[in-house]
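Structure assessment
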Amino acid sequence: MRVLVSPSGFKESLEADVAADRIEEGILRVIPTAIVRKAPLVDGGEGFTRALVAATHGRLKHIEVMGPVREPVASYYGFLGGDSGTAVIEMAAAAGLRLVPRNARDPGFTTTYGVGQLILAAVNDGVKRIIIGCGDSGTSDGGIGCVQALGGTFLDINGKELPIAGGGKDLLSLHSIDLSGLDPRLQHVKIDVACNWLNVLCGPKGVARVFGPQKGATPKEVEILAKGLGIYASAVEHVIRRDISTAPGSGASGGLGTGLMLLGATLHPRFDLIMQHFQLDELMKDCDLVITAEGGIDYQTPRGKIPAEVAARAKRLGLPVIALVGTVGVDADVNYAAGIDAFVSIIQAPISLETAIKEAERLLRDSAESAMRMIMVGRDLKKNSKLTDITEISSQLLGKTFTSKPLLRLNTF
């Protein structure tokens, strides 16, 4: 059997490459002779840099920067292999939610200043292009911290500079933006940003309202952040001469997408950039099964999440797809229509979030093993039965006539 393993990471727990390794171990427990191809994917968040560096045989460089709560953090960026002159940065390596202590999660306070420091370090290395991944952020400052680190200035109505690395709450005092102090070398560096194209800065679906609560904001704080980002959008419009309040990707990573536009960056739907460096379709061609994975599956998964992207590509080749997930959320059944044939939670019993994170590697490995054992049972049933079609089998078992393949939902808990 040939199996393609193409997971995302599990937020604040497992990076995509580790998830792929654990799934492979589970498969080989059941079928030691299986040929397992691993293609861990990223959506711009945690693991983005390592994944692109590994795919192109590049290298990492480690550096200390200011973290989201203004404490130094060990960070990194990478270089694509070959003579491309291209650096890769993931904003989560400097301002990710994982770097924000649980008792300090306040997106009105956290900053993207360290992201700007990563960009500056890459510029100092003489690169001609920077690919930036947006995702898994712990911030909502619109990227002003990032721009400040590169020489940009944000002023209040009295012409006084806003605090350096002050956070999203300071946007309420913003009146104007001065980019005259930006590092002039940025003009000679092409910046491409991989982001969720559906994330916008302002409005009912603006980034503060959609993602603020996940980052620790109370309902009152969400409205304060939303108001500040609206003020920010107006100030940005005066600089770049267009309304970006609902521009695709403008709300990526707490509005960092907008801050990067101030630097002259070009925003892209994340998979348009990411898939340039992975030969996923080629790896699928002669496979029998595709297994993907992510921290959770729900009604939002078909809106640009990795399991849905993998499933869509697998379905073009007629391949079955199983998703191993941490949690099964609201209206997860919509993913059947997106090409995921079955999904299974890796949680085997009621446990705390802390325990689930700590035990994630084991849980994922065991879940992969269980899924493969069920697949082997299904193969044996088909082999030993005169019924050769899942629709026919289901009709016989349930005493009903199906006109299309029934949907299967697997859950171990």
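Attention here is on the structure that accompanies the text. (Residues numbered from 1 in each chain as written. Predicted model: local features only at pLDDT ≥ 70, side-chain atom pairs only at ≥ 80, totals over all residues. Heavy atoms only, no water.)

A separate point is the pairing of strand 4 (residues 72-79). If a strand is regular, its side chains alternate between the two faces of the sheet. Most of strand 4 sits out of view: six of its eight residues are buried. With eight bridges connecting them, strand 3 (residues 59-66) and strand 4 associate as antiparallel partners. When the sheet's bridge partners are listed, I63 is paired in strand 4 with S75. Pairing geometry for strand 4 and strand 5 (residues 86-90), over two bridges, is antiparallel. Bridge pairing in strand 5 links F79 to A87. (Buried < 20%, exposed > 50% of the residue type's maximum accessible area, 1.4 Å probe, protein only. Helix = DSSP H or I, 4+ residues; strand = E, 2+ residues; numbered from the N terminus. Pairing = 2+ DSSP bridges.)

Here we take up the sheet that holds strand 12 (residues 321-328). Working definition: the strands of a sheet are paired by backbone hydrogen bonds and lie parallel or antiparallel to each other. On the basis of which strands lie adjacent, the open sheet formed by five strands has the order 2-1-11-12-13 and parallel pairing. Single-partner strands in this sheet number two, and they are strand 2 (35-38) and strand 13 (342-345). This sheet shows a mean twist of 25° between the axes of neighbouring strands, independent of strand direction. Sheet topology places strand 11 (residues 289-297) next to strand 12; seven bridges connect them, and they run parallel. By the bridge assignment, A293 is partnered in strand 12 with L324. Along the sheet, helix 1 (residues 16-30) contacts strand 1 (2-5), strand 2, strand 11 and strand 12; its crossing angle with strand 2, the most-contacted strand, is approximately 170°. (Axes fitted to C-alpha atoms, helices over the stretch in contact; angles between N-to-C directions. Contact = heavy atoms within 4.5 Å.)

Bridging between strand 1 and strand 2 involves four bridges; their strand directions are parallel. Bridge pairing links R2 to I35 in strand 2. Handedness of the crossover joining strand 1 and strand 2 through helix 1: right-handed. Two strands pair when backbone bridges link them, and strand 1 and strand 11 are joined in this way by three bridges, in the parallel orientation. Within strand 11, the position partnered with L4 by the bridge is V290. (Right-handed = clockwise from strand over helix to strand, strands pointing away.)

Under the defined criterion, the tally for this structure stands at three aromatic pairs. Seen from their ring centres, Y77 and F79 are 5.5 Å apart, and the 65° between their planes marks the pair as edge-to-face. Among the residues examined, Y77 registers a relative accessible area of 1% and is labelled buried. The ring centre of Y76 lies 4.4 Å from the NZ or CZ of R50, which sits over that ring. Above the ring of F109, the side-chain terminus of R70 is found at 3.8 Å from the ring centroid. (Phe/Tyr/Trp six-rings, centres within 6.5 Å; stacked < 30°, edge-to-face > 60°. Lys NZ or Arg CZ within 6 Å of the ring centre and 35° of its normal.)

Taken together, six strands build an open sheet; the order of strands is 3-4-5-6-9-10 and the sheet is mixed. Pairing within the sheet leaves two strands with one partner each, and these edge strands are strand 3 and strand 10 (266-269). Between one strand and the next, the sheet's axes are offset by a mean angle of 25°, whatever the strand orientation. Examined bridge by bridge, strand 6 (residues 129-133) and strand 9 (residues 190-195) share five bridges and lie parallel to one another. Looking at strand 9, one finds that R129 is bridged to K190.

In the contact formed by helix 7 (residues 219-240) and helix 8 (residues 252-262), the axes pass within 11 Å of each other and the chain directions differ by 20°. Judged on the interaxial angle alone, helix 8 and helix 7 are roughly parallel. Along this stretch, helix 7 crosses helix 8, giving a crossing that reads as left-handed. Taken together, the residues of helix 8 that come into contact with helix 7 (itself represented by Y232, V236, V239 and I240) are T258, G259 and L262. (Parallel < 35°, antiparallel > 145°, perpendicular 65-115°, else oblique. Left-handed = near helix turned anticlockwise from the far one by under 90°.)

Quick look at the pattern of salt bridges now. Tallying each qualifying case throughout the model produces 24 salt bridges. Note that K190 is salt-bridged to D192, the shortest N-O span being 3.3 Å. Look at K190 and you get partly exposed, because its relative accessible area is 47%. Residue classification places D192 among the buried residues on the basis of a relative accessible area of 2%. (Salt bridge = Lys/Arg side-chain N within 4 Å of Asp/Glu carboxyl O.)

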